[in-house]
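Coordinate inspection notes
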Amino acid sequence: MTNTDRHGLIAQAVRESGSTTVQELAELTGASEMTIRRDLDTLAAQGVLERIRGGARTLLLRGEEPPFALRARDAVDAKRRIAAEVSALITDGETVLLDSGTTCLEVARLLRQRPVTVMPLSLQAIHLLGETPGPTTLMVPGGRPRAAEGALTGPLTLASLSALRFDTAVIGCCGLSAAEGLTAYDLDDAAVKKASIASARRILAAADGSKLGHTAHAYVGPSVLLHTLVTDSTAPAEEVAALEGTGTVVKTV
């Protein structure tokens, strides 16, 4: 098991159980307790969990958005497959608005060598697209980054969006269902998503299957706003069918 795989398994175990011990994690992963202690120190420094005597516990409250560092370890393969399909749906020469979030960051990795114009809504994607010269034209909005998330929000971000029009907006989400629509955990983030949808001709939603059928508390809009949803094979079949019934094209990877 690689360090990355072991860290992902530890993070998942802590999140699901609420708290766990070094001994339990050693039995789960097959690693030594000394290795597990080092892993926990590393994950705690990244904001994934809280280190406690003899083990670790989750930082999440019920209904709270998981931190970026933790979400970045979840469903990595699925997010990369989703990103590849989203990238394939974008044509060279397009202007693209790229939402914040871990799946959209994977899309940014694929767009950075494409002749497209991209305006990312997160510091992580801005840094990624700006670090290597290439054919991509990078546009940077104004705004205030949310702590630990890097997502840009606030009046300057909204003003940037209202001043521009895009061929395609790639939108991430915290929850999506045919009945409850598109939702987010944060009210400021929901406002940015609404403005993003209003500024683009075509809306592509990128969400792994865990987001479907789930509802967060900040409403963005009905699912009929989405032209295409790209998700993975873990998406609930009944939710996929319901979304297709509202007119959204669903592509499963």
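Structure first, text after, so check above.
Below, the structure is looked at part by part. (Residues numbered from 1 in each chain as written. Predicted model: local features only at pLDDT ≥ 70, side-chain atom pairs only at ≥ 80, totals over all residues. Heavy atoms only, no water.)

Looking at the overall build of the chain
Along the backbone of the chain there are 10 helices and 15 strands. In terms of overall size, the chain behaves like a compact globule, its C-alpha atoms giving a radius of gyration of 19 Å where 253 residues would be expected to give roughly 18 Å. Principal-axis analysis of the C-alpha atoms gives the chain an extent of 55 × 45 × 30 Å. Of all 253 residues assigned to the chain, the portion counted as buried reaches 49%. Looking at the chain alone, contacts between residues at least 24 apart form 58% of all its contacts between residues at least 6 apart. (Helix = DSSP H or I, 4+ residues; strand = E, 2+ residues; numbered from the N terminus. Rg over C-alpha atoms; globule rule 2.2 N^0.38 Å. Buried < 20%, exposed > 50% of the residue type's maximum accessible area, 1.4 Å probe, protein only. Contact = heavy atoms within 4.5 Å.)

A few points about the sheet that holds strand E3 (residues 55–57)
As summarised here, the arrangement of the 3 strands in space is E1-E3-E2, forming an open sheet in which the pairing is antiparallel. Taken across any chain shown, the strands that pair with only one partner, and hence form the sheet edges, are strand E1 (19–21) and strand E2 (50–52). When the angles between neighbouring strand axes are averaged without regard to direction, this sheet yields 25°. Helix H1 (residues 3–17) contacts E1 and E3 of the sheet and is inclined by roughly 125° relative to E1. (Pairing = 2+ DSSP bridges. Axes fitted to C-alpha atoms, helices over the stretch in contact; angles between N-to-C directions.)

Details of the sheet that holds strand E4 (residues 95–98)
On the basis of which strands lie adjacent, the open sheet formed by 7 strands has the order E6-E5-E4-E9-E12-E14-E15 and parallel pairing. Of all strands in the sheet, those with a lone pairing partner are strand E6 (137–138) and strand E15 (249–252), marking the two edges. Both strand E5 (residues 117–120) and E6 contribute to a ladder of 2 bridges, which runs parallel. By the bridge assignment for E6, valine 118 is matched with leucine 138.

Some remarks on the nonpolar core
In terms of nonpolar packing, the biggest core is built from 30 residues, with Leu97, Leu176, Leu182, Ile203, Leu212 and Leu229 touching the most fellow members. Of all the secondary structure elements, the ones that give two or more residues to this core are strand E9 (166–171), strand E11 (181–184), helix H9 (187–198), strand E12 (200–206), strand E13 (218–221) and helix H10 (237–245). Not counting residues within four places of it along the chain, the set of residues in contact with isoleucine 203 comprises Ala169, Ile171, Ile197, Leu225, Leu226, His227 and Thr228. Grouped together as the second largest cluster of nonpolar side chains are 20 residues, Ile82, Ala83, Leu129 and Val230 included. (Core = buried A, V, L, I, M, F, W, Y, C linked by side-chain atoms within 4.5 Å.)

Side note on the pairing of E12
The side chains of a regular strand alternate, residue by residue, between the two faces of the sheet. Burial within E12 is extensive, with 6 of its 7 residues counted as buried. Note that E9 and E12 share 5 bridges and pair parallel. Bridging from a neighbouring strand, alanine 169 pairs with isoleucine 203 of E12. As judged from the 3 bridges shared by E12 and strand E14 (residues 228–231), these two strands associate in the parallel manner. Residue pairing for E14: alanine 205 is matched across the bridge by leucine 229.

Re the pattern of salt bridges
In total, this model carries 14 salt bridges according to the counting rule given. For the salt bridge of glutamate 106 with arginine 80, the shortest nitrogen-to-oxygen distance reads 3.7 Å. Residue glutamate 106 is located in helix H6 (residues 102–111), and its partner arginine 80 is located in helix H5 (residues 76–89); the two are separated by 26 residues in the primary sequence. Exposure remark for glutamate 106: the relative accessible area of 14% places this residue in the buried category. The residue arginine 109 makes a salt bridge to glutamate 106 at a minimum N-O spacing of 3.4 Å. Of this pair, arginine 109 and glutamate 106 both sit in helix H6, 3 residues apart, which is roughly one turn of that helix. What you see here is one network of salt bridges that share partners, running through Arg80, Glu106 and Arg109. (Salt bridge = Lys/Arg side-chain N within 4 Å of Asp/Glu carboxyl O.)

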